Amino acid sequence: MSNNQSRYENRDKRRKANLVLNILIAIVSILIVVVAANLFINSPSSKDVSKDSETAQKQESPASGKTEKKSDEDIKDSKKDSSDSEKDSEKSSDSKKDDSSKSDDSDSSSNSEDPLKDAKVTEGGSSSDVEKTYENSDWKAVGTEQTGEHAATYDSSSQDWAEMLKAMSYATGVSKDNMTVLWLGNNGSPQDAKGKILDKTTGDKYQVTITWVDKKGWKPTKVEKLK
């Protein structure tokens, strides 16, 4: 009798334990379902995600477009700057050429200026056929290709003769091509000479006194314009 009762009590205890366990399992399962449902309900749907993605793309698209446009504008600006730089360079080059040309013209003009312009002028001169006398302390020796001891040579084919004509051309402004030598000879010493020339262009006649400067050539000292 006591054994049957003991078995009955043990079965009853197991039954109760199983019931409690099943209840706990059911509660846990319900909690899991509830939590999962809440997570699913609160999470954004795929449509929302898709909409958000499309919205984001639309928002980014204008910025991208602006970036592309800006990039194109930068390229255009870069090309424009490059073109402007080339134009400025060409203008600078042309300006330098113009300046160089003006400088050359200036030099040419300077060379063609009347060398008697800054000279001291007096009426009359060493003889009655002299109209005006010109003297200029700034006149320089014209240079020489001769070496060694110098002695005036009045041979029209000599280097000394050519350099004397150069000195008279320098003093009067009459080029050798337009010059007719009327007379050229000694002026009292081996290192002094005097010549008379005619300007073929104007018909003016000049008497030019020159002196030799060692290693520097003939130097004009006086120009007399003849009547």
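Everything numeric in this text was worked out from a predicted model, so none of it was measured.

### Regarding a nonpolar patch on the surface
On the surface, Leu19, Val20, Ile23, Leu24, Ile27 and Leu31 cluster together into a nonpolar patch covering about 550 Å² of accessible area. Judged by relative accessible area, which is 46%, Val20 ranks as partly exposed.

### Digging into the pairing of strand S1 (residues 120-123)
Regular strands have side chains that alternate between both faces of the sheet. Two strands pair when backbone bridges link them, and S1 and strand S2 (residues 130-135) are joined in this way by 4 bridges, in the antiparallel orientation. By the bridge assignment, Thr122 is partnered in S2 with Thr133. Hairpin connection of S1 to S2: 6 residues between the antiparallel strands, including Gly124 at a positive phi of 75°.

### Thoughts on a negative patch on the surface
Among the surface-exposed residues, Glu113, Asp114, Asp118 and Asp138 lie close enough to one another that they form a single negatively charged patch. In this structure, Asp118 sits in the loop between helix H2 (46-112) and S1. For Asp118, a relative accessible area of 66% puts it in the exposed group.

### A closer look at the packing of aromatic side chains
In the structure shown here, the tally under the stated rule is 1 aromatic pair. Taking the centre distance of 5.6 Å and the plane angle of 75° together, the rings of Trp212 and Trp218 count as edge-to-face. Neither residue differs from the other here; Trp212 and Trp218 are each classed as buried.

Basis of the calculations
Residues numbered from 1 in each chain as written. Predicted model: local features only at pLDDT ≥ 70, side-chain atom pairs only at ≥ 80, totals over all residues. Heavy atoms only, no water. Patch = residues over 30% accessible without salt bridge, like charges linked within 9 Å, V, L, I, M, F, W, Y side chains within 5 Å. Areas by Shrake-Rupley, 256 points an atom, 1.4 Å probe, with all protein chains shown as cover. Salt bridge = Lys/Arg side-chain N within 4 Å of Asp/Glu carboxyl O. Buried < 20%, exposed > 50% of the residue type's maximum accessible area, 1.4 Å probe, protein only. Pairing = 2+ DSSP bridges. Helix = DSSP H or I, 4+ residues; strand = E, 2+ residues; numbered from the N terminus. Lys, Arg positive; Asp, Glu negative; His and termini not counted. Charge placed at Lys NZ, Arg CZ, Asp CG, Glu CD. Phe/Tyr/Trp six-rings, centres within 6.5 Å; stacked < 30°, edge-to-face > 60°.

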